[in-house]
Amino acid sequence: MMITAKTINKIRSIVGSENFFDSPEQKLAYSYDATPLLSQFPSAIIRPRTTQELSEVMILANHEHFALVPRGSGTGLSGGSIPTENSIVVLTNHWNRIIELDEKNLTVRVEPGVLTAQLQSTVESIGLFYPPDPGSAAISTLGGNVAENAGGLRGLKYGVTKNYVQGMEVVLPDGSIVSLGGKSVKDVAGYNLKDFLIGSEGTLGIFTNILLKLIPKPETSSTMLAFFDRISDAGETVAEIISSHISPSTLEFLDRTTINCVEQYAHLNLPVNTEALLLIEVDGHHVVVKEDTEKISVLCRKHRANNFSIARSEQEAVKLRSARKIAFSALARVKPTTILEDATVPRSEVVPMLERIQSIAQKNGLLFGNFGHAGDGNLHPTCLTDARNTQEIRSAEQAFGEIFSEAVKLGGTISGEHGIGLAKRQFLEKLAPLPAIEMMRRIKESIDPHSVLNPGKIFSLSPRCEGPMPKNASQIKKYIDAGAFT
Ligand SMILES: Cc1cc2nc3c(=O)[nH]c(=O)nc-3n(C[C@H](O)[C@H](O)[C@H](O)COP(=O)(O)OP(=O)(O)OC[C@H]3O[C@@H](n4cnc5c(N)ncnc54)[C@H](O)[C@@H]3O)c2cc1C
């Protein structure tokens, strides 16, 4: 059902006309996120000033049957903040204050629009540490991180976002404002509702403030790069580092295609004729860091690393880290469309999984780069393709279907950190156990009976190549024909 002019007027009067946007350019700007091949124009975009206003709009949505789609920075890789039909995008990135830093309880209360890196640098300046470190930290919001339960480069030692969320204020789909969790470290009073909302991809509530746990900043760190002629040697190195009870804060992998793209892009003097790169970082007390660095250096050589370097300064560490940090951007330059996924397997299955990805890519005639969080088994098979080549996009869909099936067969999952959103609904429904999907649906229906909050995400079938994109393409053409962007 179309949102009527009368409803629009009511929304405007709640948030104020200056916080209501519906020009073609604004709709275009909020029609997509970082996920390729998916986009849809919203009916409008709002920037509520207060939690109360958001709650009032939510109540109106239930009465007048329109949908709300929360949005942080739009860096999501599963289409979670892409509008659905007749939906209003709710901006949260203007709520960007660090409200309270509590050094006695080691917590920080933030608004959801605070950028991840902004929080990291603020707390590090006083000797504290917020470990979750998604590759997008410089631009992603903490609200988006909590909604996706974002992982990142430090997940192996420190865990992911959920390990650092102690509480939240959330507006539920019926408009009620609820406070969950708190500064008390232990809390088992009833169901663990806070954890239930973490990773709910904006479908069960909109966070309006978040209480995060902090830890002391590690005293020092050491950063290493190792190159291998065989992926299996890199895999054995990872396995032996972990079985030797060393806990690197970072243990990342790049394959040959990705190493080459990074080198062509950034000229870091990486040896381009090698099959695998490991970026390894250890942190903590300086004695432990020194010992672990020595042990890792021995293990890398034992497993035939043909090139091994240790950063001697923070400047050098930044350079070594950048090989991994720019992997996505470097791959994205090769072809017009980059489909980055996050099939995840138990750590012991990383090498078999990489071999299967390679053979699936070859069989389907596709170019793939692979990189990811080797220590977590969280791989990012990345297909370099071109959206205009429908046949190739269909092959890519086919290949990803096969990759996800293989990940599940190896005891893994179809998403380790990016979520399901719009992009992976069809795979979830095929590959997750039906009773689990049914339970998720029942939870969604009981909390959001009128389906007002981010509908169409996580559930319901629609292959990416037949999704909303063609519709949007025609919408864009219509606006261009009407001279909207001239
Ligand atoms: C270059 C690059 C590198 C990346 N690296 C990583 C990585 O290492 N690890 C990782 O996990 N992800 C990574 N991502 C994916 C993405 O950055 C994360 O999913 C991030 O958490 C999204 O944050 P955002 O603010 O951009 O949220 P958005 O993309 O705007 O939204 C993501 C989801 O959260 C919901 N949402 C947003 N704000 C709220 C709120 N206040 N309340 C409720 N729901 C909300 C949205 O509806 C949507 O479903 C990467 C992305 C890019 C482009």
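Note that the structure is predicted; figures quoted are calculated from it, not measured. (Residues numbered from 1 in each chain as written. Predicted model: local features only at pLDDT ≥ 70, side-chain atom pairs only at ≥ 80, totals over all residues. Heavy atoms only, no water.)

Thoughts on the overall build of the chain
Across its full length, the chain holds 17 helices and 18 strands. Dimensions of the chain, computed from the C-alpha atoms along their principal axes, are close to 70 × 60 × 50 Å. The 486 residues of the chain split such that 56% are buried. In the chain, the share of contacts with a sequence separation of at least 24, taken over all contacts with a separation of at least 6, comes to 73%. About 20,600 Å² of surface is accessible on the chain, with carbon and sulfur atoms providing 54% of the total. (Helix = DSSP H or I, 4+ residues; strand = E, 2+ residues; numbered from the N terminus. Buried < 20%, exposed > 50% of the residue type's maximum accessible area, 1.4 Å probe, protein only. Contact = heavy atoms within 4.5 Å. Areas by Shrake-Rupley, 256 points an atom, 1.4 Å probe, with all protein chains shown as cover.)

A word on the packing of helix H8 (residues 231-243) against helix H10 (residues 286-302)
Where H8 contacts H10, the axes come no closer than 9 Å and their chain directions differ by 145°. You can see that H8 and H10 cross each other, and the crossing is right-handed. For the pair formed by H8 and H10, the contact residues are Thr-237, Glu-240 and Ile-241 on the first element and Ile-296, Leu-299, Cys-300 and Lys-302 on the second. In terms of residue class, the contact of H8 with H10 is built from 4 nonpolar, 1 polar and 2 charged. (Axes fitted to C-alpha atoms, helices over the stretch in contact; angles between N-to-C directions. Left-handed = near helix turned anticlockwise from the far one by under 90°. Nonpolar A, V, L, I, M, F, W, Y, C, P; charged D, E, K, R; others polar.)

So, the site of the ligand
Among the 36 residues in the neighbourhood of the ligand, the closest are listed as Pro-70, Gly-72, Thr-75, Ser-136 and Thr-141. The separation between an oxygen atom of the ligand and a polar main-chain atom of Gly-72 is 2.7 Å. Side-chain polar atom of Asn-145 to an oxygen atom of the ligand: 2.9 Å apart, as the coordinates give it. In isolation the ligand offers 980 Å² of accessible surface; the protein chains occlude 94% of this area. Mapping the ligand onto the cavity grids shows that it belongs to the largest pocket. Put simply, the parts of the chain that give the shell around the ligand at least two residues each are strand E3 (67-71), helix H5 (142-148) and strand E10 (206-213). In terms of residues, the shell around the ligand owes the most to one element, H5, which gives 5 residues. Residues of the shell around the ligand, tallied by class, amount to 10 nonpolar, 22 polar and 4 charged. Counting contributing residues per domain, the shell around the ligand is built from domain 1 (1-217 + 436-486) and domain 3 (335-423), each supplying no fewer than three. (Near = heavy atom within 4 Å. Polar contact = N/O pair within 3.5 Å; in protein donor to acceptor, adjacent residues only side chain to side chain. 1 Å grid on protein atoms, 1.4 Å probe; cavity = no way out; pocket = protein on both sides within 12 Å on 5 of 7 lines; lining within 4 Å. Sits in = over half its atoms within 2 Å of the grid points. Domains from an automatic or database assignment.)

Description of the domain arrangement of the chain
Its domain assignment divides the chain into domain 1 (1-217 + 436-486), domain 2 (220-329) and domain 3 (335-423). Taken together, the contacts link 15 residues of domain 2 with 16 residues of domain 3. For the domain 2 and domain 3 pair, buried surface summed over both sides reaches about 1,300 Å², with 69% attributable to carbon and sulfur atoms. The three residues of domain 2 that bury the most area against domain 3 are Ile-231, Phe-253 and Phe-328, which together make up 37% of that side's buried surface. Our count for the contact surface shared by domain 2 and domain 3 stands at 0 salt bridges. Summed over the shared surface of domain 2 and domain 3, the number is 6 residue pairs in polar contact (both at pLDDT 80 or more). For the side of domain 2 that touches domain 3, the elements supplying multiple residues, two or more each, are H8, strand E13 (250-255), helix H9 (256-266) and helix H12 (327-332). (Buried area = accessible area lost by both parts, 1.4 Å probe. Salt bridge = Lys/Arg side-chain N within 4 Å of Asp/Glu carboxyl O.)

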